[in-house]
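The residues making up each chain are set out below.
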Amino acid sequence: MMNESELNSLDAEASNKVQILETPEERKMRQLSLKIIYFTMFLMTLGFSIILTGIWPYLDKLDKNAGKEFMGMIVAANPLGQFIFSPIFGWWANKASSIRTPFIVSMIIFCLASAMYSCLDIVESNVKYWMVFARFFVGVSSANIVICRSYVSAATTLKERTKAVSLLTLAQTLGFIFGPMLQGIFTPLGGEGIKMFYNIPLSMYTAPGWLNVFLGLLNLILFFPKFFQDKRVAAREQMLIHGKETEKETWKAIKPDYLVSWALIFSLFVFVFNFVLLESLGTPLTMDQFAWTKKEALENMAYIMTAGGIIACGTFLMISPLCKKFKENDVLIYGGFFLMILGRFTHIPYGNETPKLAYPKEYGFENGTYVIFKDDDEAVLGCPFIEQKWCSTTPKLGFTEFIVGYLLTSFGYPIGLTLIQTIFSKVLGPRPQGNWMGLMTNAGCLSRIFGPICVSMLYTRFGTLVIMLFTLVLMLIPMIWLFLLKDRLYIEEFKDRTVEMENMSERRNLQSEKDNIS
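Because the structure is a prediction, the values reported are computed rather than measured. For every chain, the first residue of the written sequence is number 1, and numbering continues from 1 along that sequence. Selection of residues for local features in this predicted model requires a pLDDT of at least 70, selection of side-chain atom pairs for listing and counting requires 80 or more, and totals for whole chains, interfaces and linings are taken over all residues. Side-chain figures throughout are based on the complete set of non-hydrogen atoms in the structure, without hydrogens or water.

### Some remarks on the overall build of the protein
Helix and strand definitions follow DSSP, with helices as H or I runs of at least four residues and strands as E runs of at least two, each counted in order from the N terminus. Of the regular secondary structure elements, the protein holds 20 helices and six strands. Here a residue-residue contact requires only that any non-hydrogen atoms of the pair lie within 4.5 Å. Across the protein, contacts joining residues at least 24 apart in sequence account for 83% of those joining residues at least 6 apart. The method behind every accessible area is Shrake-Rupley, applied with a 1.4 Å probe, and residues are considered shielded solely by the protein chains displayed. For the protein, the accessible area works out to roughly 23,000 Å², and carbon and sulfur atoms hold 63% of it.

Dropping the structure here:
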């Protein structure tokens, strides 16, 4: 039984610990700053995904000769900019006294590049290259994602870390999923839209860019000192827990599992690669396979992706209860990877029916007749067999199979993306994670660089059968790798002494009650 002096000593220690970490006012401001970081992550991924379903019809409208392979280059320009500038923004954030300045600069770039994308209708020449330029600088602005991830690691206690990483991943997932939904909201504006100042049209293609400008300006304001303050508690907490004098001594005493860390980084690459397949190829694939018009493809994909977004939100809410009942490594392998693999398997076409063949808009028949079709003519809707030779031989992808595969992906993707990053953070241990999070960010960048180019090339040249088999095999590789490392993926919770100290007063009261009873 503890005496009064010992209990008072524990109370004093607990009180000092809490005061050393932060005051209630500082905690409130820190939580607000974290919410701003979550919103920034959402906006940066939204800026990538909101125009994905509209890129092909927008490019085809501006330049009839650009082609789908060039579309892949446009999609890849965004992550290329992020990949190149992520180390620069990371270095800048480490050297700067506050991360506010890098964030404000990135928001200015984001707004200017998004406005440029929405003004391409008034560009008279080389418009496809200007589109690449605009998307590249949207990617440059999104290099601040590496700062988001490292800040979440630095601005959370051990108790908060898993939840904070999960919320950041949720924000990223929602940005990817709801971007195409917001694109679909603007389809009533049509391809020509309404003229604004200097004859710049507000259309279903340009409105998403203007929405990015508005949200970017809002995000910029949120980084003003009144709303955002750079509050970091992780280093101080770890110094106290491990009894070290400096932060450097603390993290040098702990070494991560490098093999598992690299397995998780590769797994993220593959997961994002597969998701980009559906986002970048979804519109042209459905136009080819189901003979949809541009407007129908945008509207229908918006509905499908909205349903996927709702499923993803519900799935995210299920992750925490699932991980309490089953180990996180099992949920990742059998929930995330297995469902994604089933989705790719469902998308493999079979049967004897081929897609409806589409003639070029200008076509000369064998009898000498030369015809120029209208954009919405039935003859030009479907799979362009002149450009894509496989259209006449590869089986058609069924609409039901497409929907089922997409829904399976909507369940598997949020599970996998969330748990890959959550387990990754735990594997690294209680240490500053900026450099490792930078590697994780670059893995996602690489998948978004090579994903659109690779899938666009494979789809255009070889068709749905080859592209779906390729992604299926690609998903199997990290699943097998993680299965072999399964036991090393499970990390027991680190005992948070700070939490214990915060509960000492309650334990003291219970002890006093026992003393009174005895």
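### Things to note about the packing of aromatic side chains
Each pair of aromatic rings is reported with the distance of its centres and the angle of its planes. Two aromatic rings from Phe, Tyr or Trp, using only the six-membered ring of Trp, form a pair when their centres are within 6.5 Å; if the ring planes differ by under 30 degrees the pair is stacked, by over 60 it is edge-to-face, and anything between is tilted. If you walk through the whole model with that rule in mind, you get 21 aromatic pairs. An aromatic cluster is present here, built from F266, F269, F273, F470 and W481 joined pairwise through their rings. The ring centre of F70 lies 4.7 Å from the NZ or CZ of K128, which sits over that ring. A positively charged side chain is recorded as over a ring if its NZ (Lys) or CZ (Arg) lies within 6 Å of the ring centre. The angle to the ring normal must also be within 35 degrees. One residue, R135, lies across the ring of Y117, its end atom 5.8 Å from the ring centre.

### Brief notes about a nonpolar patch on the surface
Patch membership needs two things, relative accessible area over 30% and no salt bridge, and members are linked within 9 Å if like-charged or within 5 Å if nonpolar (Val, Leu, Ile, Met, Phe, Trp, Tyr). Take a side-chain nitrogen of Lys or Arg and a carboxyl oxygen of Asp or Glu: if they are within 4 Å of each other, that pair is a salt bridge. Together, Y334, L476, I480, F483 and L484 make up an exposed nonpolar region whose accessible area comes to about 520 Å². Among the elements that take part in the nonpolar patch, helix α17 (residues 464–484) stands out by supplying four residues, more than any other. Checked against the element boundaries, L484 lands in helix α17. On the basis of relative accessible area, L484 is assigned to the exposed category, the value being 68%. Working definition: with a 1.4 Å probe on protein chains only, accessible area under 20% of the residue-type maximum means buried, over 50% means exposed, and in between means partly exposed.

### Quick notes on helix α6 (residues 127–141)
The end-to-end C-alpha distance of α6 is 21 Å, a good match for the 21 Å that 15 residues give at a rise of 1.5 Å each. Buried within α6 are the following residues: V127, K128, M131, A134, R135, F136, V138, G139, V140 and S141. Taken together, the buried residues of α6 touch α2 (24–49), α3 (52–62), α4 (68–95) and α5 (100–118). Multiplying 1.5 Å by the residue count of a helix minus one yields the expected span of that helix.

### Looking at the state of the cysteines
Cysteine sulfur atoms are paired as a disulfide whenever they come within 2.5 Å of each other. One pass over the structure, following the stated rule, counts one disulfide. Across a sulfur-sulfur distance of 1.9 Å, C383 and C391 are joined as a disulfide pair. A torsion of -60° about the S-S bond marks the disulfide between C383 and C391 as left-handed. Each member of the pair, C383 as well as C391, is classed as buried.

### Describing α17
With 21 residues, α17 should reach 30 Å at 1.5 Å per residue; the first-to-last C-alpha distance of 31 Å fits that figure. When α17 is considered as a whole, its buried residues turn out to be T464, I467, M468, T471, L472, L474, M475, P478, M479 and L482. Projection of α17 onto a plane perpendicular to its axis shows the buried side chains occupying an angular sector of 165°, all on one side. Projecting away from the buried face of α17 at angles above 90 degrees are the exposed residues I480 and L484. For this quantity, the arc is that covered by the directions from the helix axis to the C-beta atoms.

### A few points about the side chain of T40
Along the chain, the position of T40 falls in helix α2. Residues contacting T40, with those up to four places away along its chain left out, are F103, M107, N144, C148, N219 and F223.

### Regarding the packing of helix α13 (residues 294–325) against helix α15 (residues 399–428)
How two helices sit against one another is set out by the angle between their axes and by the gap between those axes. Axis definition: a line fitted to C-alpha atoms, over the contacting stretch in the case of helices. Angles run 0 to 180 degrees between N-to-C directions. Two numbers describe how α13 lies on α15: the axes approach to 8 Å, and their chain directions differ by 40°. Of the possible angle classes, the one that applies to α13 and α15 is oblique. The handedness of the crossing between α13 and α15 is right-handed. Residues M301, I304, M305, G308, I311, A312, T315, F316, I319 and C323 of α13 pack against F402, I403, Y406, L407, S410, F411, P414, I415, T418 and L419 of α15. Side-chain classes are defined by residue name, with Ala, Val, Leu, Ile, Met, Phe, Trp, Tyr, Cys and Pro counting as nonpolar, Asp, Glu, Lys and Arg as charged, and the others, Gly among them, as polar. Counted by class, the contact of α13 with α15 contains 16 nonpolar, four polar and no charged residues. Orientation labels follow simple angle bins: below 35 degrees gives roughly parallel, above 145 gives roughly antiparallel, 65 to 115 gives roughly perpendicular, and whatever is left gives oblique. Rotating anticlockwise by less than a right angle from the far helix to the near helix defines a left-handed crossing, while the corresponding clockwise rotation defines a right-handed one.

### Some thoughts on the packing of α3 against α13
α13 packs onto α3 with a crossing angle of 170° between their chain directions and a minimal axis gap of 9 Å. Relative to α13, the element α3 is oriented roughly antiparallel. Together, T53, G54, P57, D60 and K61 of α3 and K294, L298, M301 and M305 of α13 make up the contact between the two elements.

### Some remarks on the pattern of salt bridges
Using the criterion set out here, one finds four salt bridges in the structure. Across the salt bridge formed by D60 and K294, the nearest N and O atoms sit 2.9 Å from each other. On the criterion of sequence distance, the pair formed by D60 in helix α3 and K294 in helix α13 is long-range, its members being 234 residues apart. Here R488 makes a salt bridge to D257, at a shortest N to O gap of 2.9 Å.

### A short note on the confidence of the model for the protein
pLDDT is a residue-level measure of predictor confidence that goes from 0 to 100. Here the protein averages 81 in pLDDT, while 83% of its residues score no lower than 70. Here residues 10–19 is a poorly scored stretch, pLDDT under 50, and it has 13 contacts once near neighbours within four places are set aside; other chains count. Between residues 494–506, whose pLDDT stays under 50, and residues either more than four places distant or in other chains, the model counts 23 contacts.

### Looking at the nonpolar core
Residues enter a nonpolar core if they are buried and are Ala, Val, Leu, Ile, Met, Phe, Trp, Tyr or Cys, with the set joined through side-chain atoms within 4.5 Å. Ranked by internal contacts, the top residues of the largest apolar core, which has 129 residues, are I37 and L264. If one sorts the elements of this core by residue count, helix α12 (residues 258–290) sits on top with 18 residues. The contact partners of L264, leaving out residues within four places of it in the chain, are L332, I420, I423, F424, V427, M440, L482 and L489.

### What to know about the environment of C313
Relative to the helices and strands, C313 is located in helix α13. Exposure remark for C313: the relative accessible area of 27% places this residue in the partly exposed category. In sequence terms C313 and I177 are 136 residues apart; their C-alpha atoms lie 9.8 Å from each other. Contact partners of C313, with chain neighbours within four places excluded, come to L174 and F178.

### Observations regarding unusual backbone geometry
In this model, N126 sits at a positive phi of 55°, which is unusual for a non-glycine residue. The phi dihedral of A291 falls on the positive side, at around 55°, and the residue is not glycine. Tracing the chain through its elements places A291 in the loop between α12 and α13.

### A short note on the side chain of T394
Of note, T394 is situated in the loop between β6 (383–384) and α15. Discounting residues that sit within four places of it in the chain, T394 has contacts with P349, E353, T354, P355, F462, T464 and L465.

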